[in-house]
Amino acid sequence: MQPETITAEVKKPNVKKRRGWKIHLLPIPALVIYGLFIVYPLLAALTYSFFDWEGIKQGAFIGLGNYKDLFTLEPFRGMFWNAFGHNVLYFVIQMIIQNGIAFVLALILYQKIRGMEFFKIAYFLPRLLSVIVVGFLWKLILNPNFGALNILLGKFGLESLQKAWLGDPDTALIAIILVNCWFGVGFAVLIFLAGLQAIPHELIEAARLDGARGLTLIRKIMLPLMVPSLMIMTVLTFIQSFEAFELVYAMQGSQGEPYRSTDTLAVYFYRLAFGGGSGDSTAVGLGSALAVVLFIFIASITAVLLKVINRKQIDM
């Protein structure tokens, strides 16, 4: 073997090693951004929650004092559980209405109806809009004086149903959640449709030959095979429901009006940490404690749900 050939063969591994080392540099920008905007704020909130604060001035170390005040001292305790209940309602309604409607629409599209691609785009279109834009748009539609909804009700002779949708404590939160359902149904349709299309066609045909039709086919064949898609959508809905902020803020501001009936934990955190915009004083320590509690709660429930998903996938 010639010396030039031996030298070339020695150099090739070295070149590959250098290229492999450079590949490991590619994630660094993403890790830096993740660290600055995700990890650092989480660690900062955890640190802030252990200190007393006078406005935005850090005071003495008080350990778990802020957590104790959050759950025992009024009005913080009452406002926390009030907001928590609204988040639970947010999740329940989204699961029933948003995901229920999305599943029905996905079943219709699964039948490969004419214009299916157009309907998929139409359902997903609202998702392309900014949440803030959606909030202000629906705030105009629900306006009691010149809103399109009350005008339409009047046109159809349903004046008795006209009301200040966002001004009534009984309907304000429900209205916001239904707007969120309208906004998110398209994404859920795509998730469910993907789950339906992943079912082997032979199983569907075999079930039909055995006499399974309609609801029996859906309940005994489709739903069990769609468990991963259903659980993934449950996880995403849970996270979105307990992080609900942008739409509530766009439609009702940070005060949870009327009478705290639209408060969520994220809105309550914003008001504690940054003030409500109406001369409210800030409570950085309490706000940080609430952020940590919310993070631990969402992360814990999400971890449990993901474990259930993995177990279901193994069983299948």
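All values derive from a computational prediction rather than experimental measurement.

Peer 1: Help me understand unusual backbone geometry, please; the structure alone is not making it clear to me.
Peer 2: Where the residue is not glycine, phi is negative for most of them; where a peptide bond is considered, it is trans in most cases. Each neighbour pair has its own omega, and for Glu74 with Pro75 the value is 5°, a cis peptide bond. Considering the arrangement of structural elements, one finds Pro75 in the loop between helix 3 (65-72) and helix 4 (76-110). In this structure, the amide linkage connecting Glu257 to the following residue, Pro258, adopts the cis form with an omega of -5°. Its place among the elements puts Pro258 in the loop between helix 12 (246-252) and helix 13 (265-274). For Tyr259, which is not glycine, the phi dihedral falls at a positive 55°. Along the chain, the position of Tyr259 falls in the loop between helix 12 and helix 13. Within the chain, Arg260 stands out as a residue other than glycine whose phi angle is a positive 60°.

Peer 1: I would appreciate a short explanation of the pattern of salt bridges in the present structure.
Peer 2: Close approach of charged atoms allows side chains with opposite charge to pair. Inspection of every chain in the model, using the stated rule, returns four salt bridges. The salt bridge partner of Glu74 is Arg77, with a shortest N-O separation of 3.5 Å. With a shortest N-O distance of 3.4 Å, Lys120 and Glu117 are connected by a salt bridge. Of this pair, Lys120 and Glu117 both sit in helix 5 (residues 116-124), three residues apart, roughly one helical turn. According to the relative accessible area criterion, Glu117 is partly exposed, its value standing at 48%.

Peer 1: For this particular structure, what's the right way to read the nonpolar core?
Peer 2: Across soluble globular proteins, nonpolar side chains show a tendency to be buried alongside one another. Phe192, Leu196 and Met222 are the most contacted members of the largest nonpolar core, which has 23 residues in total. Elements with a contribution of two residues or more to this core: helix 4, helix 8 (172-197), helix 9 (201-209) and helix 10 (214-225). By residue number, the principal contributor to this core is helix 4, which donates seven residues. Among residues more than four places away in sequence, those in contact with Leu196 are Ala106, Leu107, Tyr110, Met222 and Met226. Judged by nonpolar contacts, the second largest core, of 19 residues, contains Leu153, Trp165, Phe183 and Leu247.

Peer 1: Looking at this structure, how should I read the packing of helix 6 (residues 131-141) against helix 8?
Peer 2: Angle between the axes and distance between the axes are the two parameters that describe a pair of packed helices. Where helix 6 contacts helix 8, the axes come no closer than 11 Å and their chain directions differ by 130°. If you check the angle between helix 6 and helix 8, you find them oblique. The crossing of helix 6 and helix 8 is right-handed. Of the residues in helix 8, those in contact with Val131, Val134 and Trp138 of helix 6 are Val179, Trp182 and Phe183.

Peer 1: Quick question: what am I supposed to make of the pairing of strand 1 (residues 51-54) here?
Peer 2: One face of the sheet, then the other: side chains in a regular strand alternate in exactly this way. Here strand 1 shows a clear split, with Phe51 and Trp53 buried on one side and none of Asp52 and Glu54 buried on the other. Across three bridges, the pairing between strand 1 and strand 2 (residues 57-61) is antiparallel. The residue bridging Phe51 from the neighbouring strand is Phe61, located in strand 2.

Peer 1: How should the packing of aromatic side chains be read in this particular structure?
Peer 2: Aromatic ring pairs are reported here in terms of the distance separating the ring centres and the angle at which the planes meet. On inspection of all chains with the given rule, the structure shows 24 aromatic pairs. Taking 4.9 Å as the distance between ring centres and 70° as the angle between the ring planes, the aromatic pair formed by Phe71 and Phe80 counts as edge-to-face. Consider the rings of Phe242 and Phe297, whose centres lie 5.2 Å apart with planes at 55°: the pair is tilted. With Phe242 in helix 11 (residues 227-242) and Phe297 in helix 14 (residues 284-315), this residue pair connects regions lying 55 residues apart in the sequence. For Arg127, the ring lying beneath its charged end belongs to Phe187, and the centroid distance is 5.2 Å. In this structure, Lys163 is placed above the aromatic ring of Trp165, and the distance from its NZ or CZ to the ring centre is 5.8 Å.

Peer 1: It is not clear to me how the packing of helix 4 against helix 10 should be interpreted in this structure. Could you clarify?
Peer 2: Two elements in contact, helix 4 and helix 10, have axes separated by 14 Å at closest approach and are oriented at 90°. Comparing their axes, helix 10 and helix 4 come out roughly perpendicular. In contact with Phe103, Leu107 and Tyr110 of helix 4, helix 10 contributes Ile218, Met222 and Leu223.

Peer 1: Would you explain the side chain of Thr234 in this entry?
Peer 2: Position of Thr234 among the secondary structure elements: in helix 11. Residue classification places Thr234 among the buried residues on the basis of a relative accessible area of 15%. Within the local environment of Thr234, its side chain forms a polar contact with the backbone oxygen of Leu230, the two atoms lying 2.8 Å apart. Look past the residues within four positions of Thr234 in its chain and what remains in contact with it is Phe91 and Met95.

What counts, and at which threshold
Residues numbered from 1 in each chain as written. Predicted model: local features only at pLDDT ≥ 70, side-chain atom pairs only at ≥ 80, totals over all residues. Heavy atoms only, no water. Helix = DSSP H or I, 4+ residues; strand = E, 2+ residues; numbered from the N terminus. Salt bridge = Lys/Arg side-chain N within 4 Å of Asp/Glu carboxyl O. Buried < 20%, exposed > 50% of the residue type's maximum accessible area, 1.4 Å probe, protein only. Core = buried A, V, L, I, M, F, W, Y, C linked by side-chain atoms within 4.5 Å. Contact = heavy atoms within 4.5 Å. Axes fitted to C-alpha atoms, helices over the stretch in contact; angles between N-to-C directions. Parallel < 35°, antiparallel > 145°, perpendicular 65-115°, else oblique. Left-handed = near helix turned anticlockwise from the far one by under 90°. Pairing = 2+ DSSP bridges. Phe/Tyr/Trp six-rings, centres within 6.5 Å; stacked < 30°, edge-to-face > 60°. Lys NZ or Arg CZ within 6 Å of the ring centre and 35° of its normal. Polar contact = N/O pair within 3.5 Å; in protein donor to acceptor, adjacent residues only side chain to side chain.

The analysis is restricted to geometry; functional conclusions fall outside its scope.
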